[in-house]
Protein chains: 2
Amino acid sequence: MAARLDEMDRKILAALQEDASLSLDEIARRVSSSKTPVWNRIRRMKESGVILRTTALLDAEALGLEACFFVLVRTSEHDAGWQGKFLQVLQSRPEVLEAHRLAGDIDYILKVRVKNARAYDTFYQALISEVRIYNVTALLSMEEIKSTTILPLGLAVD
Amino acid sequence: MAARLDEMDRKILAALQEDASLSLDEIARRVSSSKTPVWNRIRRMKESGVILRTTALLDAEALGLEACFFVLVRTSEHDAGWQGKFLQVLQSRPEVLEAHRLAGDIDYILKVRVKNARAYDTFYQALISEVRIYNVTALLSMEEIKSTTILPLGLAVD
DNA sequence: GCTGAAATGTAGCGACC
DNA sequence: GGTCGCTACATTTCAGC
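Please read these numbers as outputs of a predicted model, since none were measured by experiment.

Basis of the calculations
- Residues numbered from 1 in each chain as written.
- Chains lettered and ligands numbered in written order.
- Predicted model: local features only at pLDDT ≥ 70, side-chain atom pairs only at ≥ 80, totals over all residues.
- Heavy atoms only, no water.
- Near = heavy atom within 4 Å.
- Polar contact = N/O pair within 3.5 Å; in protein donor to acceptor, adjacent residues only side chain to side chain.
- Helix = DSSP H or I, 4+ residues; strand = E, 2+ residues; numbered from the N terminus.
- Nonpolar A, V, L, I, M, F, W, Y, C, P; charged D, E, K, R; others polar.
- UniProt positions renumbered as here; feature names shortened; annotations may be inferred.
- Salt bridge = Lys/Arg side-chain N within 4 Å of Asp/Glu carboxyl O.
- Contact = heavy atoms within 4.5 Å.
- Buried area = accessible area lost by both parts, 1.4 Å probe.
- Pairing = 2+ DSSP bridges.
- Domains from an automatic or database assignment.
- Axes fitted to C-alpha atoms, helices over the stretch in contact; angles between N-to-C directions.
- Buried < 20%, exposed > 50% of the residue type's maximum accessible area, 1.4 Å probe, protein only.
- Lys, Arg positive; Asp, Glu negative; His and termini not counted.
- Least-squares fit on C-alpha atoms with pLDDT ≥ 70 in both.

Lining the immediate surroundings of DNA strand C are Ser 23, Leu 24, Lys 35, Thr 36 and Trp 39 of chain A together with Ser 34, Thr 36 and Pro 37 of chain B. The sugar-phosphate portion of DNA strand C accounts for 60% of its atoms within 4 Å of the protein, the bases making up the rest. With respect to DNA strand C, the side chain of Lys 35 of chain A contributes an N or O atom lying 2.7 Å from a base oxygen. Taking Thr 36 of chain A, its side chain carries an N or O atom lying 3.5 Å from a base nitrogen of DNA strand C. The element best represented in the surface near DNA strand C is helix α3 (residues 35-47) of chain A, accounting for three residues. For the surface near DNA strand C, the residue count by class is three nonpolar, four polar and one charged.

Within the UniProt annotation, "domain: HTH asnC-type" (unreviewed entry) is assigned to residues 5-66 of chain A. Annotation note: span residues 5-66 of chain A, helix share 52%, strand share 13%, distance between end C-alpha atoms 39 Å.

Applying the stated criterion across every chain yields a total of 30 salt bridges over all chains. Overlapping salt bridges, with partners in common, bring together Asp 6, Asp 9, Arg 41 and Arg 44 of chain A in one network.

Our focus in this paragraph is the interface of chain A and chain B. Every contact between the two is made by 70 residues of chain A and, on the other side, 70 residues of chain B. Summing both partners gives a buried area of about 6,700 Å² for chain A against chain B, and 62% of it is carried by carbon and sulfur. Taken as a group, Leu 58, Ile 145 and Lys 146 of chain A account for 11% of the area that chain A buries against chain B, more than any other trio of residues on that side. In this assembly, chain A and chain B are joined by four salt bridges. Residue Arg 101 of chain B is joined to Glu 143 of chain A by a salt bridge in which the shortest nitrogen-to-oxygen separation is 2.8 Å. Counting the contacts that link chain A with chain B gives 47 residue pairs in polar contact (both at pLDDT 80 or more). Those elements that place two or more of their residues in the side of chain A that touches chain B are α1 (7-18), β1 (51-58), β2 (67-74), α4 (80-92), β3 (96-102), β4 (108-114) and β5 (135-147) of chain A. When residues of the side of chain A that touches chain B are assigned to their parent elements, the largest contribution, nine residues, is made by β5 of chain A. In this sheet, strand β3 (residues 96-102) of chain B lies alongside β5 of chain A in antiparallel orientation, the contact comprising five bridges. Among the inter-strand pairings, Glu 143 of chain A is bridged to a residue of β3 of chain B, identified as Arg 101 of chain B.

What follows deals with the domain arrangement of chain A. Accessible area lost upon the coming together of the parts is a frequently used measure of interface size. For chain A, the domain assignment lists domain 1 (7-48) and domain 2 (61-141). Here the C-alpha centroids of domain 1 of chain A and domain 2 of chain A sit 37 Å apart.

So, about the sheet that holds β3 of chain B. The eight strands lie next to each other as β2(A)-β4(A)-β3(A)-β5(B)-β2(B)-β4(B)-β3(B)-β5(A), forming a closed barrel whose pairing is antiparallel. The average angle at which neighbouring strand axes cross in this sheet is 35 degrees, direction not considered. Both β3 of chain B and strand β4 (residues 108-114) of chain B contribute to a ladder of five bridges, which runs antiparallel. Bridge assignment links Ala 99 of chain B to a residue of β4 of chain B, and that residue is Leu 110 of chain B. Together, β2, β3, β4 and β5 of chain A form the strand contacts of helix α5 (residues 117-130) of chain A, whose direction differs from that of β4 of chain A by roughly 135 degrees. Taken strand by strand, helix α5 (residues 117-130) of chain B contacts β2 (67-74), β3, β4 and β5 (135-147) of chain B, and its axis lies near 135 degrees from that of β4 of chain B.

Looking now at the side chain of Asp 59 of chain A. Residues and elements named next belong to chain A. One can find Asp 59 in the loop between β1 and β2. For Asp 59, which is buried and forms no salt bridge, the nearest opposite charge comes from Arg 113, at a distance of 7.1 Å. Engagement of the side chain of Asp 59 in a polar contact is seen with the backbone nitrogen of Ala 62, the distance being 3.1 Å.

Aligned on chain B, chain A shows an RMSD of 0.1 Å; the corresponding rotation is 180 degrees and the shift along the axis is 0.0 Å. Accordingly, the operation relating the two chain copies is best matched by a two-fold axis. Closest approach to the rotation axis within chain A is made by the C-alpha atom of Thr 55 of chain A, at a distance of 2.8 Å.

Moving on: the pairing of β3 of chain A. Among the seven residues in β3 of chain A, six count as buried, and that is most of the element. Once β3 of chain A ends, the chain turns through five residues before running back antiparallel as β4 of chain A, passing Gly 104 of chain A with a positive phi of about 105 degrees.

All names here are of chain A. Relative to the helices and strands, Arg 10 is located in helix α1. Owing to a relative accessible area of 17%, Arg 10 belongs among the buried residues under this scheme. Apart from the residues lying within four places of it in its own chain, the contact partners of Arg 10 are Leu 5, Leu 153 and Val 157.

Structure below.
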């Protein structure tokens, strides 16, 4: 699964994580190479799925999405049908930004971005009406003290 | 704080969240406008901080970062000095992708991306040696069932 | 605020080493 | 694997509406 990347690939990825709008010439300059090799490496990494997509990151507060909750979910049902339904509900709800299935006594964690606490309650009511859940704990974020999509490439070396 | 955005601004943001490499012409076509107004709106939204930056999203698994933990932190110390030191440690550690200060009996939640469980333990040992922590619970992700940076603009409407 | 167009920059690809 | 250069397209600016 893990792609074979050399030092130059990692430098290119680091640059693109920082600013995906950099020109090929500028990236080439930073990694001490030239346009064509950089272009070929980027194309290869897109094709192999290392680079998923390029996106604009927005300020949630500026958009009026001022509440962020981490939701700890316990369920008593673990069959495939329930899981499929749960997954479908999560996918269909744009306020669910992340969902992970966990090891241990908590089954799932969700990250949910909404306008305010009232909007979270609306989401919560919809969730528990659509799928059977044993126990839910919501953790309300007071302050996002760090938030990055930049993966630590330096720690990924084999 | 919340910026005033009209329907066209939101459509432009939706397009850029989906694919920040779209050309102005293509975005203009999608929002039924033309190049210059779209360009002016994007510039304005960058300047006002609604658009933070554009980035390449990478596949953590493909990079060999195969373990993801959510870390629930309780502390007994709540003075400014401790908080500053804790913040500084989080900022300096690239494996910490997110950190939130919470309401309730859990004080902080962290999202940590590392190569494997062993690498998490190294991080954990470093963390508790650098800053005094009362209680830590690590939730290990078995499966990322949803992950998006796309904010729900439709839910942000006033 | 929009349109259309000019000028400058960049991406994408081919020929070649 | 790399350099160089060409062409088509994109960005950015600006005059006129």
